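# Summary of the model geometry
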Amino acid sequence: MDPGLTSIYRAGALTLDAYRYGRVCFAGNAAHTLPIFGVRGLNSGFDDADNLAWKLAYVVAGHAPAALLDTYSDERLHAFHLNAEGARRSTEFMSPPSRGFDLFREAALSLAQEHRAICQPDQSAPDRRLSPTPTRRFRALAQSSRRARNPARR
Ligand SMILES: Cc1cc2nc3c(=O)[nH]c(=O)nc-3n(C[C@H](O)[C@H](O)[C@H](O)COP(=O)(O)OP(=O)(O)OC[C@H]3O[C@@H](n4cnc5c(N)ncnc54)[C@H](O)[C@@H]3O)c2cc1C
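These numbers come from a predicted model, not from an experiment. (Residues numbered from 1 in each chain as written. Predicted model: local features only at pLDDT ≥ 70, side-chain atom pairs only at ≥ 80, totals over all residues. Heavy atoms only, no water.)

## Details of the nonpolar core
One recurring pattern in soluble globular proteins is that nonpolar side chains are buried together. Residues Y19, L68 and F80 are the most contacted members of the largest nonpolar core, which totals 13 residues. Here the element with the most residues in this core is helix α2 (residues 68-94); it accounts for six residues. In this view, Y19 contacts V24, C25, F26, A31, H32, Y72, S73, R76, L77 and F80; residues no more than four positions away in its chain are not counted. (Core = buried A, V, L, I, M, F, W, Y, C linked by side-chain atoms within 4.5 Å. Buried < 20%, exposed > 50% of the residue type's maximum accessible area, 1.4 Å probe, protein only. Helix = DSSP H or I, 4+ residues; strand = E, 2+ residues; numbered from the N terminus. Contact = heavy atoms within 4.5 Å.)

## Quick notes on the site of the ligand
Looking at the ligand, the residues that line it are G28, N29, I36, V39, R40, G41, L42 and N43. Within the side chain of N29, one N or O atom sits 2.8 Å away from an oxygen atom of the ligand. For the shell around the ligand, a count of residues per class yields three nonpolar, four polar and one charged. (Near = heavy atom within 4 Å. Polar contact = N/O pair within 3.5 Å; in protein donor to acceptor, adjacent residues only side chain to side chain. Nonpolar A, V, L, I, M, F, W, Y, C, P; charged D, E, K, R; others polar.)

## Quick notes on the packing of aromatic side chains
Across all of its chains, the model carries five aromatic pairs by this definition. A ring pair is formed by Y21 and F26, whose centres lie 6.1 Å apart and whose planes are at 85°; its orientation type is edge-to-face. Look at Y21 and you get partly exposed, because its relative accessible area is 43%. F26 sits in the partly exposed class, given a relative accessible area of 28%. Judged by centre distance (5.3 Å) and plane angle (90°), the ring pair of W54 and Y58 falls under edge-to-face. Note that W54 and Y58 are positioned in helix α1 (residues 41-60) at a spacing of four residues, about one turn of the helix. (Phe/Tyr/Trp six-rings, centres within 6.5 Å; stacked < 30°, edge-to-face > 60°.)

## With respect to α1
Helix length check: α1, at 20 residues, gives a terminal C-alpha distance of 28 Å against a target of 28 Å (1.5 Å per residue), a fit within 8%. Every buried residue belonging to α1 is among S44, G45, D47, D48, N51, L52, W54, K55 and V59, and all of these are buried. (Expected span 1.5 Å × (residues − 1).)

## A look at the packing of α1 against α2
Running from amino to carboxyl end, α1 crosses α2 at an angle of 170°, the nearest separation of the two axes being 9 Å. Here α1 is positioned roughly antiparallel relative to α2, judged by the angle of their axes. For the pair α1 and α2, the contacting residues are S44, D47, D48, N51, L52, W54, K55, L56, Y58 and V59 in the first and L68, L69, T71, Y72, E75, R76 and N83 in the second. In the contact of α1 with α2, the residues fall into eight nonpolar, four polar and five charged. (Axes fitted to C-alpha atoms, helices over the stretch in contact; angles between N-to-C directions. Parallel < 35°, antiparallel > 145°, perpendicular 65-115°, else oblique.)

## Some thoughts on the confidence of the model for the protein
Scored by pLDDT, the protein comes out at a mean of 82, with 76% of its residues at no less than 70. Looking across the protein, the model is least confident in helix α4 (residues 126-130), with a mean pLDDT of 47, and most confident in strand β3 (residues 24-25), with 97. Counting interchain partners and residues more than four positions distant, the pLDDT-below-50 stretch residues 127-134 has 16 contacts. (pLDDT = per-residue confidence, 0-100.)

## Concerning the pattern of salt bridges
Tallied over the entire structure, the rule returns seven salt bridges. Beyond isolated ion pairs, a larger network of salt bridges with shared partners links E85, R88, R89 and E92. (Salt bridge = Lys/Arg side-chain N within 4 Å of Asp/Glu carboxyl O.)

Pasting the structure below:
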């Protein structure tokens with residue numbers, strides 16, 4: 001079979017320094033790229049949207065200050081670094097850079113049949129598990145600001 005077009009893939013992780021610049025917020029691959037071996041590229045784009053959507057809605061509706069949007073940038077940059085570290089480890093596994101990594105991979109694969117957890121990658125959003133504080137703090141802030149405006153709706 002003639003594949004028609006081939007090229008060399010180089011795994012790399014890149015990110016903007018911040019995901020909010022005034023009224024412009026970046027998400028998904030426009031904000032960051034990850035090696036495909038970490039299987040977090042699209043997943044982290046969804047997580048960006050999940051993090052940003054409700055904050056934008058709150059700010060636009062006047063329930064929270066615009067500074068809430070900075071927590072989007074901080075939290076998702078934090079998630080990028082965790083994802084990039086995971087993707088680096090996955091890349092070393094998929095494409096061993098030395099004989100040592102190769103031996104490690106062979107050992108892990110030989111155990112995978114017996115220990116199923118080895119081959120169950122976690123694709124969930126790390127920012128919610130590891131840095132929930134700013135989000136919770138601003139949700140509470142937005143809630144109390146809404147109550148102050150609408151005391152009847154407690
Ligand atoms: C081989 C491969 C395997 C992958 N496997 C996984 C996986 O298993 N799990 C995972 O989570 N991720 C995976 N990814 C990564 C994932 O595909 C990307 O992270 C994801 O598609 C990025 O989505 P996005 O919407 O941010 O950007 P994109 O998908 O790049 O979408 C941007 C869109 O904007 C359009 N566009 C660009 N410029 C303009 C313009 N000026 N005007 C109008 N439109 C424009 C583009 O045409 C494109 O449609 C993989 C990627 C590759 C290449």
